[in-house]
Amino acid sequence: MGETLISLDRATVLPLILLLCLACYICVVPVTEAIWLQIPSSGTKCVSEEINSNVVVLADYYVIDEAHPEHPPTVSAKVTSPYGNNLHHNENVTHGQFAFTTTEAGNYMACFWLGSNPQKVADATLGLDWRIGFSAKDWESVAKKDKIEGVELHLKRLEAQVQSIHENLLFLKHREAEMREVSEVTNSRVAWLSILSLGVCIAVSSLQLWYLTRYFQKKKLI
């Protein structure tokens, strides 16, 4: 009788765990949405993202012109790394994409500007689908390769999501330690500068007092 009760408990708990995992998946996993940018006729519009090293980045960009969908204006695009390395450069296109794996942590920037258009364009609307890390992974290929589907695939995605969050937390912790170190060094330098400034003020005041004392003594005023 006891064994039957234990078996029923496990049979009841397992679906609850799976439902909980699915609920977490729905709540935690973000939905990737496109960013809409208004590109001015003269000037550049840039988007930046702070990314850790060894992270896959995928992006698609496309020009949208509801007034002239057959002949939309062209744009130029350039993507640079935190150290200024050129990762992607494309000119006079209506759509394009770029993909790379980050080699250093920092601020990655994508800039867009209007290309050489035969007709004068006031501005243009650009759609940018920027996917990083977990969102950039092709889960359909993973499912076919590992021959998994359904709940197992959702659990694998949850595992990857948790791993991505953990890596981001470690990255933020490392950046926080760097910023704290810079702040401590700056505070130390400011303290020494204050002491030096105080010493200079005391020295100048003493020199002025000595000079005025000798001056008044020579003039026999004191």
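Structure: above.
Fair warning: this is a prediction, and the values are worked out from it, not measured in the lab. (Residues numbered from 1 in each chain as written. Predicted model: local features only at pLDDT ≥ 70, side-chain atom pairs only at ≥ 80, totals over all residues. Heavy atoms only, no water.)

**Regarding the overall build of the protein**
- A tally of regular secondary structure across the protein gives three helices and eight strands.
- Going from N to C terminus, the protein has its helices and strands arranged as α-β-β-β-β-β-β-β-β-α-α.
- Burial status across the protein gives 23% buried among its 222 residues.
- Nonlocal contacts in the protein, meaning residues at least 24 apart in sequence, comprise 74% of its contacts between residues at least 6 apart.
- Looking at the protein as shown, the accessible area adds up to about 16,000 Å², and 59% of this sits on carbon and sulfur atoms. (Helix = DSSP H or I, 4+ residues; strand = E, 2+ residues; numbered from the N terminus. Buried < 20%, exposed > 50% of the residue type's maximum accessible area, 1.4 Å probe, protein only. Contact = heavy atoms within 4.5 Å. Areas by Shrake-Rupley, 256 points an atom, 1.4 Å probe, with all protein chains shown as cover.)

**A word on the environment of I51**
- Mapping I51 onto the fold places it in strand β2 (residues 45-51).
- A sequence separation of 82 residues divides I51 from G133, and the C-alpha atoms of the two residues are 9.2 Å apart.
- Residues contacting I51, with those up to four places away along its chain left out, are V57, T102, E104, A105, G106, Y108, W130, I132 and F171.

**Some thoughts on the state of the cysteines**
- Following the criterion strictly, the structure yields one disulfide and no others.
- In this model, C46 is linked to C111 through a disulfide, with the two sulfur atoms separated by 2.1 Å. Across the S-S bond linking C46 and C111, the dihedral sits near 105°, which makes this disulfide right-handed. Here C46 is found in strand β2, whereas its partner C111 is found in strand β7 (residues 106-114), with 65 residues between them in sequence.
- Take C111: its relative accessible area is 14%, and that puts it in the buried class. (Disulfide = S-S within 2.5 Å.)

**Digging into the pattern of salt bridges**
- Under the counting rule described, the total for this entry stands at five salt bridges.
- Here R131 makes a salt bridge to D129, at a shortest N to O gap of 3.9 Å.
- Looking at R131, the relative accessible area reads 23%, which means it is partly exposed.
- Here E176 and R180 are joined by a salt bridge, their closest N and O atoms 2.7 Å apart. Here R180 and E176 lie together in helix α3 (residues 151-218), a separation of four residues that amounts to about one turn.
- Note on E176: relative accessible area 42%, which makes it partly exposed.
- Salt bridges sharing partners connect three or more residues here, namely E50, R175 and E178. (Salt bridge = Lys/Arg side-chain N within 4 Å of Asp/Glu carboxyl O.)

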